[in-house]
Amino acid sequence: MQRLIYTLKQDQVDLDLIMVIRTVLASCKEIAFRVGQGALGDVLGSTLDENIQGETQKKLDVIANQLIKNMLLTESNVAAIASEEEDDIVAGNANGKYIIAFDPLDGSSNIDINGQIGTIFTIFPAVEGLAQDDPRQFQQKGRNQLAAGYVLYGPSTMLMLTTGKGTRCFTLDKTHGGFLLTDEQVSVPAETQEFSINMANARFWYEPTSRYIDDLLLGETGVRKKRFNMRWNAAMVGDIHRVLSRGGIFMYPSDNRDPNKPAKLRLLYEAYPMAMLVENAGGRASNGTADILDLELETLHQRVPVIMGSSKEVEISTSYYT
Ligand code: F6P
């Protein structure tokens, strides 16, 4: 089976970019090891702190953030980093060509129940002429991403990666420590009978979301004339991994639960990278009215409604919002 480095070279990825991807993955291998140790490695439970989003930080959030941050900041090609766990941009090397954003540990509520969790990352070109920690560094369209991926710490540790030439899946071979290519071209079927949404929020949804989900729930007897099944992992990495593996539609729409948080997922280090992976696998990713990759980031921790997965189903779903 092909090693990651070989695949990236075959895809003619810039060698400096390969170095950065390898650095991210080196820290993910360390995180995979720590996750595997669980209670034995003292990584379960919470800290007493909150992150910028006002969420309680889990010990593993902090450990994973520190590991990725420390490794990336020693990389000469890295101009700046942004993380879910950092309030602001952190400056790296003045001559770095790339800026990297990451969610060090997605699906934190699954940590203590031995459920699926993961690291999501995205790499953009650094903007020349701006200081490394200038907020405008990350104010780019999703289409500017040079690479995007996640590492899923599940029963096996898997990497889903795109550099814009398809979405490829790798599995960590824990016997020698390398990521090996296990699916050369991930392909999301256009149609699906599986949806993924947190139904507990149903009473807070806006009308188009309620109407769409109601139609799915009617099954064979409703307008859709087919039965739909539902899955919810409470970790975007787990849900998107299922969508990339066998199709489906994943939604985290805006709702009226909290006027300060009209949507939940973060554009920069959750929606952008997942949208690039899904589109490169033949799927679609929308905020309801526009493709997520066409949006331009305004603030570092900006939130966005998300509808992504099987192309025809995303099309049907977004038609409710127009
Ligand atoms: O980052 C946020 C996140 O944990 C996602 O991974 C996941 O899809 C979602 O929140 C879960 O939300 P909820 O708590 O509503 O189930």
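Source: prediction; values computed, not measured.

(A) Highlighting the site of the ligand. Inspection of the region around the ligand gives 13 residues, with Asp106, Asn198, Met236, Tyr252 and Glu270 positioned closest. A distance of 3.1 Å is found between an oxygen atom of the ligand and a side-chain nitrogen or oxygen belonging to Trp232. Contact between the ligand and Met236: an oxygen atom at 2.7 Å from a main-chain N or O atom of the residue. Here the ligand, which alone exposes 400 Å², has 83% of that area covered by the protein.

(B) Geometry of the UniProt feature "binding site: Mg(2+) 2" (unreviewed entry) in the chain. According to UniProt, the "binding site: Mg(2+) 2" (unreviewed entry) feature falls on Asp103, Asp106 and Glu270. Across 168 residues of sequence, these annotated residues stay compact in space, with a maximum C-alpha separation of 8.6 Å. When its relative accessible area of 1% is taken as the criterion, Asp103 is described as buried. Residues contacting Asp103, with those up to four places away along its chain left out, are Glu84, Gly118, Thr119, Ile120, Tyr269 and Glu270. Relative to the helices and strands, Asp106 resides in strand S5 (residues 98-106). Each residue touching Asp106, except ones within four places of it in the same chain, is listed here: Ile117, Gly118, Ile120, Ala235, Met236, Val237 and Glu270.

(C) Here's a closer look at the pattern of salt bridges. Here the structure, examined in full by the defined rule, presents 22 salt bridges. Two residues, Lys312 and Glu191, come together in a salt bridge whose shortest N-O distance is 3.5 Å. One end of the pair, Lys312, is in helix H7 (residues 311-319); the other, Glu191, is in the loop between strand S10 (178-183) and strand S11 (194-196), and 121 residues separate them in sequence. Take Lys312: its relative accessible area is 45%, and that puts it in the partly exposed class. Arg211 is paired through a salt bridge with Glu207; the nearest N and O atoms lie 2.5 Å apart. Residue Arg211 and its partner Glu207 are located together in helix H4 (residues 207-217), separated by four residues, close to a single helical turn. Overall, the relative accessible area of 48% leaves Glu207 in the partly exposed class.

Thresholds, definitions, all that
- Residues numbered from 1 in each chain as written.
- Predicted model: local features only at pLDDT ≥ 70, side-chain atom pairs only at ≥ 80, totals over all residues.
- Heavy atoms only, no water.
- Near = heavy atom within 4 Å.
- Polar contact = N/O pair within 3.5 Å; in protein donor to acceptor, adjacent residues only side chain to side chain.
- Areas by Shrake-Rupley, 256 points an atom, 1.4 Å probe, with all protein chains shown as cover.
- UniProt positions renumbered as here; feature names shortened; annotations may be inferred.
- Buried < 20%, exposed > 50% of the residue type's maximum accessible area, 1.4 Å probe, protein only.
- Contact = heavy atoms within 4.5 Å.
- Helix = DSSP H or I, 4+ residues; strand = E, 2+ residues; numbered from the N terminus.
- Salt bridge = Lys/Arg side-chain N within 4 Å of Asp/Glu carboxyl O.

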